[in-house]
Structures are given as C-alpha cells and as structure tokens.
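# Observations on the three-dimensional arrangement
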Amino acid sequence: MILPPRFPARFAQLVLGLFLYGTGISLMVRAGIGIAPWDVLTQGLSSQTGLSFGALTNLIGVAVLLLWIPLRQKPGLGTVLNVLLIGPSAQFGLWLFPEFHGPWQQLPAFIAGLSVLALATGLYIGANFGPGPRDGLMTGLHRRSGWPIGRVRTLIEATVLLAGWAMGGNAGWGTLAFALAIGPMCAVTMRWFAAAPAPTEPCPGTG
C-alpha cells in the first residue's frame, strides 16, 4: 500500500498533539484550581477507585468509544490513538510536574496547561485522522437527536462534571475559565494547523 505523500508529517502532528494534550491536562491538574469537566470525572473516579488518573483516562475513552456503536459513528486512526496516548502522557506529566501552591504558582501553571491543551487540539484535529471519543459522542448525539450541538455538549459536560464533583473531583473556578476560554483558543490553533479548512465541530473537553 502506498501512503499519501503527507501521511508521515500528519501522523507526527497527530502523535505530538496527543502527547501535548496529556501534558496540558497534567499541568491544569497540578495547578489545583479546577480542570475540564471530563477530567473532573476522571479525578473523581480516581479518588474513589484508587486507579491512576492516566489509566482512568484510557478506560473512560474506551467506554465512551463503545457508546459510538448505537450512534453508528466510525472511528479513525486518530480516535484510536487518542484513547491510547492521552492517558499515558497525562500520567507522565503528573509524575513530571509538582503540585503548585499559591496563586503565583497556580495561575501561571493553569494558563500554561490551558495554552498547551489548545495548541495540542489544533495539532491533532488539524492532522485530520478522526475525532476523539468524546468529540464523536457529542457529534453523534447531535446527529441522532437533532438537538443543537451546543445543547448536546452542555448536557454531556454538565453531567460528567456533576458526577465527577460528587466523587471528589476538583471543580473550581478554573473549570469555568476552561469552559469560557477553550473554544476561542482552539478556533485559533485549529486554523494554524488544519490540513484543510478548519472543522466546524466544537473544541473538545478531553479528546
């Protein structure tokens, strides 16, 4: 089989984006002022089960991917690698970065994590190898229900946020900052790295 001429570059872009995505998550977790809704769920489950944050990121990705079946969503290479790579890279970041204390450490760490995550999103979506499992769940429910994509995303993320918070996940003002800032930031980075015109789907919460 002959690969398309840009395949190696796009694949490298995908892998780099997924690695940086996990790194951005870990920085926001270490900042300790609030994280993305799906990560609140992961953190809450980790506190309840004792499983590592990285392992649960992978397991939740697999569980969400199974929900694609009744929605008749088709995964791509990027979907599979999203499930496999973000968890280990987030766990590596949690090993690498210390916990940050005090606003003068926490705020820069959170902003750095948010910026890295937005950059990573532009990279992996721009590689055009398929959406992450959570993105596909949102777009699949949107297509099957006919509801506006914004309403579907809000319902899903509110559900996982409340569930994660109830189990001990860190939902703080950083969670609100993430919700407000990530969309506009990703819109910029997706234009930077898109191989084709940037997708109109919403910027993801965690892949």
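Refer to the structure above for everything that follows.
To start, this report covers the structure provided alongside it. Because the structure is a prediction, the values reported are computed rather than measured. Here the residue numbers are simple positions, counted from 1 along each chain's written sequence. For this predicted model, a pLDDT threshold of at least 70 governs which residues receive local features, and a threshold of 80 or more governs which side-chain atom pairs are given and counted, while totals over whole chains, interfaces and linings are taken from all residues. The side-chain values count all of the structure's non-hydrogen atoms but skip hydrogen atoms and water molecules.

## A short note on the packing of aromatic side chains
In plain terms, the rule: In this scheme Phe, Tyr and Trp rings, the latter by its six-membered ring, pair at centre separations within 6.5 Å, and the angle between planes marks the pair as stacked below 30 degrees, edge-to-face above 60, and tilted otherwise. The secondary structure listing takes helices from DSSP runs of H or I that are at least 4 residues long and strands from runs of E that are at least 2 residues long, numbered from the N terminus. For every residue, the accessible area obtained with a 1.4 Å probe (protein chains only) is divided by the maximum for its type, and the residue is called buried under 20%, exposed over 50%, and partly exposed between those limits. Geometrically, a charge over a ring is one whose NZ (Lys) or CZ (Arg) sits within 6 Å of the ring centre while staying within 35 degrees of the ring normal.
Evaluation of the coordinates by the stated rule reveals seven aromatic pairs. Judged by centre distance (6.4 Å) and plane angle (40°), the ring pair of Phe19 and Phe92 falls under tilted. With Phe19 in helix 1 (residues 7–31) and Phe92 in helix 5 (residues 77–96), the pair connects residues that are 73 residues apart, well separated along the chain. Accessibility expressed as a relative area gives 38% for Phe19, which makes it partly exposed. When the centroid spacing of 6.3 Å and the interplanar angle of 80° are considered together, the rings of Trp192 and Phe193 count as edge-to-face. With relative accessibility at 59%, the residue Trp192 sits in the exposed group. These aromatic residues form a ring-pair network of at least three members: Phe7, Phe11 and Phe129. Over the ring of Phe129 we find Arg10; its NZ or CZ atom is 4.2 Å from the centre of that ring.

## Concerning a nonpolar patch on the surface
Operational definition: Residues form patches when they are more than 30% accessible in relative terms and have no salt bridge. Like charges link within 9 Å. Nonpolar side chains (Val, Leu, Ile, Met, Phe, Trp, Tyr) link within 5 Å. A 1.4 Å probe and the Shrake-Rupley method give the accessible areas. Residues count as covered only by the protein chains that appear here. The salt bridge definition used is simple: a Lys or Arg side-chain nitrogen within 4 Å of an Asp or Glu carboxyl oxygen.
A surface patch of nonpolar side chains, about 460 Å² in accessible area, is lined by Phe19, Phe92, Trp95 and Leu96. If you tally residues by element for the nonpolar patch, the top one is helix 5, at three residues. With a relative accessible area of 39%, Phe92 lands in the partly exposed category.

## What to know about helix 3 (residues 53–66)
Definition in use: Expected helix span is given by 1.5 Å per residue-to-residue step, counting one fewer step than there are residues. Working rule for contacts: check all heavy atoms of both residues, and any pair within 4.5 Å makes them a contact.
With 14 residues, helix 3 should reach 20 Å at 1.5 Å per residue; the first-to-last C-alpha distance of 20 Å fits that figure. Along helix 3, the residues that are buried comprise Phe53, Gly54, Leu56, Thr57, Asn58, Ile60, Gly61 and Val64. Where helix 3 is buried, its residues meet helix 1, helix 2 (37–49), helix 4 (68–71), helix 5 and helix 7 (133–145).

## With respect to the pattern of salt bridges
Applying the stated criterion across every chain, the model contains two salt bridges. Close ionic contact of Glu99 with Arg30 constitutes a salt bridge, the shortest N to O distance being 3.9 Å. Of this pair, Glu99 sits in the loop between helix 5 and helix 6 (103–126) while Arg30 is found in helix 1, placing the two residues 69 residues apart along the sequence. Between Glu157 and Arg153 there is a salt bridge, and its shortest N-O distance comes to 3.3 Å. Here Glu157 and its partner Arg153 are both found in helix 8 (residues 149–166), four residues apart, which amounts to about one turn of the helix. Across this residue pair, the class does not change: Glu157 and Arg153 are buried.

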